[in-house]
Amino acid sequence: MAFRLVIATLSLLVTLALVAVGAAYYGLERYRAPGPLAAETTIVIPRGAGLGAITGQLAEAGVIDQPLIFRLGVRASGAAQGLKAGEYRFEPGISMAGVAAVLESGKTVVRKVTVAEGLTSKEIADLVADAEAMVGEVGPPPPEGSLLPETYHYAHGDERAELIVRMTAAHDALLAELWPKRAANLPLKSPAEAVILASIVEEETGVGAERPLVASVFINRLNRGMRLQSDPTVIYGLTMGQRPLGRPLTRLDLQTGTAYNTYQIDGLPPAPIANPGRASLEAVLNPATSKFLYFVADGTGGHAFSKTLAEHNKNVQKWRKLQKQKKAAQ
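So, here's what we can say about the structure. Each chain carries its own residue numbering, running from 1 in the written order of its sequence. Reporting in this predicted model follows two pLDDT cut-offs: at least 70 for local features of residues, and 80 or more for side-chain atom pairs to be given and counted; totals over whole chains, interfaces and linings ignore these cut-offs and use all residues. To get the side-chain values, all heavy atoms of the structure are used, and hydrogens and water are removed first.

**So, the side chain of S199**
Turning to step 1, where the next piece is worked out: Runs of E in the DSSP output that reach at least two residues are strands. Runs of H or I that reach at least four are helices, and both are numbered from the N terminus. Secondary-structure assignment places S199 in helix α7 (residues 191-204).
Turning to step 2, where the next piece is worked out: Each residue's exposure class comes from its accessible area (1.4 Å probe, protein chains only) as a fraction of the maximum for that residue type: buried when under 20%, exposed when over 50%, partly exposed otherwise. Note on S199: relative accessible area 0%, which makes it buried.
Turning to step 3, where the next piece is worked out: In what follows, a contact means two residues having at least one pair of non-hydrogen atoms within 4.5 Å. The residues contacting S199, other than those within four sequence positions of it, are P272, I273, A274 and P276.

Quick look at the structure:
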């Protein structure tokens, strides 16, 4: 009788063991098998979320369909304490094992904001204020010309004010790099003056190859004591970078006295008129060697450069003729 009981007990234990092994095998297969997600999905895991809360989020979003197996699989793999908060992107069909690996890696979604050269500080502040998934306020726009235009990466939940700090630090680092490499005998007394002139060059041309030539015109004028006579400085004096002018400049505008009107003032304006990029800063600190003192649009998107006022006047007449032809064709 006792022997039969032992045999029955052993049989039960073996059966239970086989069931357990089968269940474990099934669970492992399901844990590794493709999941139910039909389309790419992004989920934000909040700070402090435990395995249960994370599992619930994933199930609700349709990333996983067997929460119990997911929890058991994560615990069995030792990843339960290594799941990290943040914004994650999951590909269609990702397995539960793959989901756990993504959460454990900490490789969150990388977002970006691209700041174009020549934007004013207000325009950049507005751009950052509209950036998705960031938190906090931008604060007052930083001083004009203190931010470096480029592409900045950030993560969900990053502070907007901190991104402005990064832009300022990038600007300062670039200026510290370029200023010691400047050409000799420039009529620029400080890095601040280089930024002012670079902002004018930035606004005068969108053609990269022209920047050193445009810079040379202004350098030549400063060396000769000539006024810069730059239209963008007039516009900035009228708007202070708070809005677009929205119309062509008039003769009255050119005669309007502001601190930025380089038709009326000698030398540089008191501050930058935009935030220049690396190329404009490099052009100002190492301008082309030329004798040009004038330039005007040539109708192709670039400019015609000249050494004398007579040559310049001819180029202006060509430009006006092109403008009339264009207007007549409309």
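**Brief notes about the environment of A161**
Turning to step 1, where the next piece is worked out: With respect to the helices and strands, the residue A161 is situated in helix α6 (residues 160-178).
Turning to step 2, where the next piece is worked out: Remark: the alpha-carbon pair of A161 and A125, spanning 36 residues in sequence, is separated by 9.4 Å.
Turning to step 3, where the next piece is worked out: Apart from residues lying up to four places away in sequence, A161 is in contact with E137 and V138.

**Quick notes on the pattern of salt bridges**
Side chains that carry opposite charge are capable of pairing whenever their charged atoms lie near each other.
Turning to step 1, where the next piece is worked out: By definition here, a salt bridge exists when the distance from a side-chain nitrogen of Lys or Arg to a carboxyl oxygen of Asp or Glu is within 4 Å. Following the criterion strictly, the structure yields 10 salt bridges and no others.
Turning to step 2, where the next piece is worked out: In this structure, R111 engages E87 in a salt bridge whose closest nitrogen and oxygen atoms are separated by 2.7 Å. Of this pair, R111 sits in strand β3 (residues 111-114) while E87 sits in strand β2 (residues 86-90), and the two are 24 residues apart along the sequence.
Turning to step 3, where the next piece is worked out: Across the salt bridge formed by R247 and D253, the nearest N and O atoms sit 2.7 Å from each other.
Turning to step 4, where the next piece is worked out: Classification of D253 as buried rests on a relative accessible area of 5%.
Turning to step 5, where the next piece is worked out: Look at the salt bridges and you will find they share partners, linking E177, K181, R278 and E282 into a network.

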